[in-house]
Amino acid sequence: MNCHSRTFTAAGSILGAVALVTFASAGLGDTKKNTVAPPKPHNRFVTVSEFIQAKRPAGTNVSVEGYFVTAMKSGKRSATCVLVDSTDKVISAKDAQVCARGGVRCLVTLGSKGKPRWVLSRKGLLSLAMYTGTRLPATYLQDAPPKLRVQGLVGKQRATVSSVIKIEYQDENGEWRDFR
């Protein structure tokens, strides 16, 4: 091996290392999917009532746990779901309406990129709710919806998550799973 080939080998190694560092810092070599930053610990609420009492300002990133008592289409590409602490006393559509008054309204954008189940169908958002309807919750879906953790930005109106970013549900083993 002569002097020139050692120079080229060293230069190639340096260029390879620089490229690796560049790809790693730019995230181009990363195979993980983009994830949403979790809210700060003081903005994570275990109950709906805690969230309502906290009165966080609009635009704050929060997560709230509860159950969707209703899920209804509210626009061409959006659905309004109401998150409540418990669905134990909901036996009829009228009970669902009454229960929803004390809940958190969550605005979900339908058909979001990378979230094929974010549609208003039985395999989509309706699989997470108790009742649905056009203007009022009238159609019964299921008796015991799964527990949810909804992450999004606080809306301008009281007790509203205006832009849902992430929905997680608790599976039969108590593990949190992304709803995509």
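Structure: see above.
Residues numbered from 1 in each chain as written. Predicted model: local features only at pLDDT ≥ 70, side-chain atom pairs only at ≥ 80, totals over all residues. Heavy atoms only, no water.

1. Focus on the environment of valine 108
How we decide: Numbering of helices and strands starts at the N terminus; helices are DSSP runs of H or I of at least 4 residues and strands are runs of E of at least 2. Whether two residues touch is decided by their heavy atoms; if any such pair falls within 4.5 Å, the residues are in contact.
Inspection of the secondary structure puts valine 108 in strand S4 (residues 104-109). As a C-alpha pair, valine 108 and isoleucine 165 span 57 residues in sequence and 8.1 Å in three-dimensional space. Among all residues touching valine 108, those that are not within four sequence positions of it are Arg77, Ser78, Ala79, Cys81, Trp118, Leu125, Val164 and Ile167.

2. A closer look at the side chain of threonine 70
For threonine 70, the position within the fold is in strand S2 (residues 61-75). Discounting chain neighbours no more than four positions away, the residues touching threonine 70 are Thr80, Cys81, Val82, Ala96, Ala129, Tyr131 and Pro137.

3. A short note on the nonpolar core
In plain terms, the rule: Each nonpolar core is a collection of buried residues, namely Ala, Val, Leu, Ile, Met, Phe, Trp, Tyr and Cys, held together in the definition by side-chain atoms within 4.5 Å. Any residue under 20% of the maximum accessible area for its type is buried, any over 50% is exposed, and the rest in between are partly exposed; the area is computed with a 1.4 Å probe on protein chains only.
Residues Phe51, Phe68, Leu83 and Ile167 are the most contacted members of the largest nonpolar core, which totals 29 residues. Contributing elements (two or more residues each) for this core: helix H2 (48-54), S2, strand S3 (78-84), S4, strand S7 (148-154) and strand S8 (160-170). When residues in this core are grouped by element, the largest group, four residues, is from S2. Core analysis: the second largest hydrophobic core is formed by nine residues, Val69, Val82, Ala96 and Ala100 among them.

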